[in-house]
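A structural walkthrough
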Amino acid sequence: MLQLLKSLTLFAIGLQLALYDLLQVYESSIYRKVITFSYITRGQSTMPFAEQHSKKYDAIVIGAGFSGLYMLYRLREAGFSVQVYEAAPDIGGTWYFNRYPGARCDIESIYYNYTFSEELLNEWEWSSKYAEQHEILNYINFVADKLDLRKDIQLQTRVTSAEYNEENQKWEIELENGSIVIATYFIPAVGVLSASNIPNIKGIDQFKGALYHTGEWPHEKVDFKGKRVGVIGTGSSGIQAIPVIAQEAGHLTVFQRTPQYSSPAHNHPLDSETIHKTKENFNEIRETMYTSMHGVPSSASTRAAVQDTPEERERIYEKAWQEGGLFSLLYTYSDIAFSPEANETVAQFIRSKINKTVHDPETAKKLMPNFYYGTKRPILNTDYFETYNRENVSLIDLRTAPIEEITPSGLRTSDLAYDLDILVFATGFDALTGPLLKLNIQGKNGVTLNEKWADGTQTYLGIATSGFPNMFMITGPQSPSVLSNMIVSIEQHVDWIIDCLAYLKEHEVEAIEANAEAEQMWAKQCKAIADMTLLSKTDSWYMGANIEGKPREFLAFAGGVGPYRQICDQVASKGYEGFTLLSASQQTEDRKGDKTMSRNANLDPQARFVLEQLEALGGPPMETLPPEEARAGANFSPLAGPPEKVGHVTNKTITGPGGEIPVRIYSPEGEGPFPALVYYHGGGWVIGDLETVDVPCRRIANQTNCIVVSVDYRLAPEHKFPAAIEDAYAAAKWVANDADSIQVDPNRIAVGGDSAGGNLATVVAMMARDKSGPAIVRQILLYPVTNHTFDTNSYEENDDGYFLTTAMMKWFWNHYLRDEKDGENPYASPLLADDLSGLPPAFVITAGFDPLRDEGEAYAERLKAAGVPVEKTRYDSMIHGFCWMPGAIEQGKNALDHVASTLKRTFDFVETT
Ligand code: NA7
């Protein structure tokens, strides 16, 4: 469990929670239908004309780039007949066309190759850390030759349309020459950056000079020598091309709309030792790539930027800058992708680098980016910023003087006219959806893909889309795609598709189609994940923002390559959940009534995701483990998200009845005395520690502006009842007695805790009443344990499958109590107390899907009946423990803020009375 949770930590597990929303779909729809398909029983005479006269294949693949070639190979190996059509005169796809000066990969070459074949790996050797376009194209040709792929590829053949024929469940694909080919499976492997974006600038046709787009670069060398060259666009392509063009051009004018963050690639020839080591360890490396965030064998630090001093951050950023990896800076801290404050620290670092590099302050100013770093693909460069120190280069800021028109002799902005011999459009692509929408694809009921996606992209897993059976996209929109090492993602998609086709064959399924409900949920999840990061807060081509009229939406799956693979595998392992399978045979398959399926539809989707993720870990039930193992495995802190910065955090020990008690004190900035919350973590008195509640305590301290003292009381079974309550009480007394030393106002002390911690909090309040101990002004009880019984309705309803189970609760109680009799002690089961009067006002939170729901609510009622002011809130769609998970479950955050506002009110009230 620990291991997986750690691996998910990278970009905060919060990102991934939403994936499991799609499980909601499974419950709300008949997602695993097997429908009898009757066409095959019809006579030949009803066969459509095209089918009788056209070439037929099991699969048609469009495109002979990295994805099309691997798809071809796997299809052929699996025994499917296949034909690839490629519009270009040769293979290579994106790498065939993007041959502009300076074009090279931004993932290290040694990881930018197919990983499926040891033979290919061993036989190929890259020359430099970031290979140039021609070398990558050579590699693609090497693979094609080695695997004898060309014989199934028809070059210079553009597909003009693809139409699904519902009569015979086949795809009819029309080629440029008017012929039609038929296939069961239609696989557009058209790449994601293959539809060039040439902006519709007035006068573009009048230009008398030479005009190029980086994505459609000619084969002949473009001669820049002595020429007046203009480059529009400063994305990856522009930033790669500009330094190279500048070396040759008479004068280069760069027309920049948005300045970019970019760091040096530090490209260099690869030495044989590095190559040898990589090859030797490739199995291990591949595994890391497969389970990683971006498909590369490295990962982000789990440390938050706010945890370090500015000096330490500077040191760490400098190191990453010198490394020159695509994700080096992004990976320095866990919160750069999420937190505006953390992001600004790295953004500022890069800006200062630009400032130091560019000599002319005015030019440097124009080059200062101001969007969130990492919300566009990071860009590596070679001497990009240095190029602006050249005499023959000038930079035009289009934000202050936009382009008005392209003239016969050049270009005119609102400020000036520029005479140009060559104009280079480095203006990017209609990314991800563009290449697919250019194909004129028509699915069921005559609906085209363009019509279907007119208001937004809808896919299931980025692989399929409803209404288009037997069509598979490779690295399509709503998959990790452009956020990843494309080759890793391509291989994963192709492998998944091949497994799927094998499954269909084995089960005699004629057609597979994504369910509309599944894809709606998937789209929702892709959005939710992006919204949890800063990614959707920047106008980028990831958001479709570079193309006029394109729906504004985050176009990729930002949850990471590893988690995405896990989801795809899970969908497959459950017989292609979220898809409808149409079978030629009469067989029907019943849905398995497993735990996942039977979960209540009202369960919050984020909570559902967490449950599913924990389930996917497949570890043994906690109650079957020895306590030490249960503790080691129960690291839920990744679900809490990144820790907030608080004024001061002090770890210390205080003297307790059974020895030293560790406490952690969270203090706000400024001068005290502050009110205080003494907080007890949950964990059934057996597991849990200060780390478990670190994030919640920080949040409460900040939101309430109070001190939070988190108490690491003794755990059972080593220390059985009443050890925990003795420590808990001792800690509350210490806070009251030593209030001065920690700047606490002794008149404003509250106690609080979650689950078993909630039990301890209210017992401390009782002990304080009974022993005339510290005055406690409020008790915060988050889904507390209040009674040693297991017979409530909530136990029955939520017995298993909602995080806390009846079996776990029994295990906890058994470890905690010395004997059954202890369970009747009101200090163990406060609900059984004869007298609850005189206790501090209570704020009780319960969760709908929690075995402890009813006892928490019963306790609130009894307090009320005893004259104690009580506020009670049930979070209907929540599970036990959700306040530990504010990084993964939005309502966890809401509940903590609810606690904070209640505390604040109480403390303010006490202060003024
Ligand atoms: P990008 O990253 O989309 O960059 C395109 C650049 O062109 C960018 O600076 C745009 O400015 C600029 N642009 C686009 N349209 C215009 C108009 N009308 N006027 C002025 N400037 C314009 O494409 P790339 O080819 O560089 O890189 C694409 C991916 O390829 C890259 O991420 C790598 O994964 C490989 P804007 O930022 O929109 O203001």
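Criteria and cut-off values
Residues numbered from 1 in each chain as written. Predicted model: local features only at pLDDT ≥ 70, side-chain atom pairs only at ≥ 80, totals over all residues. Heavy atoms only, no water. Helix = DSSP H or I, 4+ residues; strand = E, 2+ residues; numbered from the N terminus. Rg over C-alpha atoms; globule rule 2.2 N^0.38 Å. Buried < 20%, exposed > 50% of the residue type's maximum accessible area, 1.4 Å probe, protein only. Contact = heavy atoms within 4.5 Å. Areas by Shrake-Rupley, 256 points an atom, 1.4 Å probe, with all protein chains shown as cover. Axes fitted to C-alpha atoms, helices over the stretch in contact; angles between N-to-C directions. Parallel < 35°, antiparallel > 145°, perpendicular 65-115°, else oblique. Left-handed = near helix turned anticlockwise from the far one by under 90°. UniProt positions renumbered as here; feature names shortened; annotations may be inferred. Domains from an automatic or database assignment. Salt bridge = Lys/Arg side-chain N within 4 Å of Asp/Glu carboxyl O. Polar contact = N/O pair within 3.5 Å; in protein donor to acceptor, adjacent residues only side chain to side chain. Nonpolar A, V, L, I, M, F, W, Y, C, P; charged D, E, K, R; others polar. Pairing = 2+ DSSP bridges. Arc of directions from axis to C-beta. Near = heavy atom within 4 Å. Core = buried A, V, L, I, M, F, W, Y, C linked by side-chain atoms within 4.5 Å. Bend = angle between axes of the 7 residues up to and from the residue.

1. Overview of the overall build of the protein
A count of helical and extended segments in the protein gives 31 helices and 28 strands. For 913 residues, the compact-globule estimate of 2.2 N^0.38 gives 29 Å, and the protein sits close to it at 31 Å. C-alpha atoms of the protein, sized along the principal axes, occupy 90 × 80 × 50 Å. In the protein, which comprises 913 residues, the proportion classed as buried is 63%. In the protein, the proportion of contacts linking residues at least 24 apart, taken out of those at least 6 apart, comes to 76%. Of the roughly 34200 Å² of accessible surface on the protein, a fraction of 48% belongs to carbon and sulfur atoms.

2. Brief notes about the packing of helix H26 (residues 723-737) against helix H27 (residues 756-770)
For the pair H26 and H27, the least separation of the axes is 9 Å and the interaxial angle reads 65°. Overall, the two elements H26 and H27 adopt an arrangement that is roughly perpendicular. Classified by chirality, the crossing of H27 by H26 is right-handed. Two secondary-structure elements touch here, H26 through Ala 724, Ile 725, Ala 728, Tyr 729 and Ala 732 and H27 through Leu 760, Val 763, Val 764, Met 767 and Ala 768.

3. Considerations on the UniProt feature "domain: Alpha/beta hydrolase fold-3" (unreviewed entry) in the protein
With numbering matched to this structure, UniProt assigns "domain: Alpha/beta hydrolase fold-3" (unreviewed entry) to residues 677-883. Along residues 677-883 one finds 34% helix and 22% strand; the C-alpha atoms at either end are 16 Å apart.

4. So, the domain arrangement of the protein
If you check the domain split of the protein, you get domain 1 (55-194 + 431-583), domain 2 (210-425) and domain 3 (630-910). Once you take the C-alpha centre of each, domain 1 and domain 2 turn out to be 27 Å apart. Contacts between the two partners involve 48 residues from domain 1 and, on the opposite side, 55 residues from domain 2. Across the contact surface, domain 1 and domain 2 share three salt bridges. Residue Glu 118 is joined to Arg 286 by a salt bridge in which the shortest nitrogen-to-oxygen separation is 4.0 Å. Between domain 1 and domain 2 we count 28 residue pairs in polar contact (both at pLDDT 80 or more) in total. Counting residues per element, the ones that place at least two in the side of domain 1 that touches domain 2 are helix H6 (94-97), helix H7 (118-123), helix H18 (486-506) and helix H20 (561-573). Take the side of domain 1 that touches domain 2: its biggest share by element is four residues, from H20. Partitioned by chemical class, the residues of the side of domain 1 that touches domain 2 number 23 nonpolar, 15 polar and 10 charged.

5. Observations regarding the sheet that holds strand E5 (residues 159-165)
One open sheet accounts for seven strands, arranged E4-E3-E2-E7-E6-E5-E18; its pairing is mixed. The outermost strands of the open sheet, each flanked by one partner alone, are strand E4 (153-154) and strand E18 (441-442). Pairing between strand E3 (residues 82-85) and E4: two bridges, direction parallel. The residue of E4 that forms the bridge with Val 84 is Ile 153. Helix-sheet contacts for helix H5 (residues 66-77) involve strand E2 (55-62), E3, E4 and strand E7 (180-188), and the interaxial angle to E3 is about 170°.

6. Here's the deal with the packing of helix H11 (residues 282-291) against H20
Where H11 contacts H20, the axes come no closer than 5 Å and their chain directions differ by 80°. Relative to H20, the element H11 is oriented roughly perpendicular. Of H20, the residues touching H11 (which contributes Met 289, Tyr 290 and Thr 291) are Val 561, Gly 562 and Arg 565.

7. Let's talk about unusual backbone geometry
As a rule of thumb, non-glycine residues mostly have phi less than zero, and peptide bonds are mostly trans rather than cis. Here the amide bond leading from Gly 672 into Pro 673 is cis, since omega sits at 0°, within 30 degrees of zero. Along the chain, Pro 673 turns up in the loop between strand E22 (659-667) and strand E23 (674-680). Cis geometry marks the peptide bond from Phe 721 to Pro 722; its omega dihedral reads 10°. On the secondary structure map, Pro 722 appears in the loop between strand E24 (707-711) and H26. With phi around 65°, Trp 685 is a residue other than glycine that occupies positive phi space.

8. Some thoughts on the environment of Ala 64
Mapped onto the secondary structure, Ala 64 falls in the loop between E2 and H5. The buried category is assigned to Ala 64, whose relative accessible area is 0%. Once the C-alpha coordinates of Ala 64 and Leu 155 are considered, the two residues, 91 residues apart in sequence, prove to be 8.5 Å apart. Excluding anything up to four places from it in sequence, Ala 64 contacts Leu 69, Val 84, Glu 86, Ile 91, Gly 92, Gly 93 and Ile 153.

9. What about H11?
Every α-helix winds through 3.6 residues per turn, so residues three or four apart in the chain are directed the same way. Listing the buried residues of H11 in full gives Phe 282, Ile 285, Arg 286, Met 289 and Tyr 290. Along H11, the residues classed as buried sweep out an arc of 135° about the axis, all on the same side. Looking at the buried residues of H11, the elements they touch are H7, helix H10 (272-280), H18 and H20.

10. Observations regarding the site of the ligand
For the ligand, the set of nearby residues contains 18 residues, the closest of which are Thr 234, Ser 236, Ser 237, Arg 257 and Thr 258. Here an oxygen atom of the ligand sits 2.9 Å away from a polar atom, N or O, in the main chain of Thr 234. Between an oxygen atom of the ligand and a side-chain N or O atom of Arg 257, the distance comes to 2.8 Å. When the ligand is considered free in solution it has 770 Å² of accessible area, and contact with the protein chains removes 85% of it. Looking at the shell around the ligand, its residues break down into seven nonpolar, eight polar and three charged.

11. A look at the nonpolar core
Soluble, globular proteins show a tendency: their nonpolar side chains are buried together. Ranked by size, the top nonpolar core spans 150 residues in total, and within it Phe 66, Leu 75, Leu 252, Leu 461, Phe 472, Trp 496 and Phe 579 carry the most contacts. Each of domain 1 (55-194 + 431-583) and domain 2 (210-425) contributes no fewer than three residues to this core. If you look at the next biggest cluster of nonpolar residues, it comprises 114 residues, including Tyr 666, Leu 715, Ala 730 and Trp 811.

12. Points about helix H9 (residues 236-248)
Of all bends in H9, the biggest is about 30°, found at Ile 242, and the proline Pro 243 comes one to four residues later. Burial in H9 covers these residues: Ser 237, Gly 238, Ile 239, Gln 240, Ala 241, Ile 242, Pro 243, Ile 245 and Ala 246.

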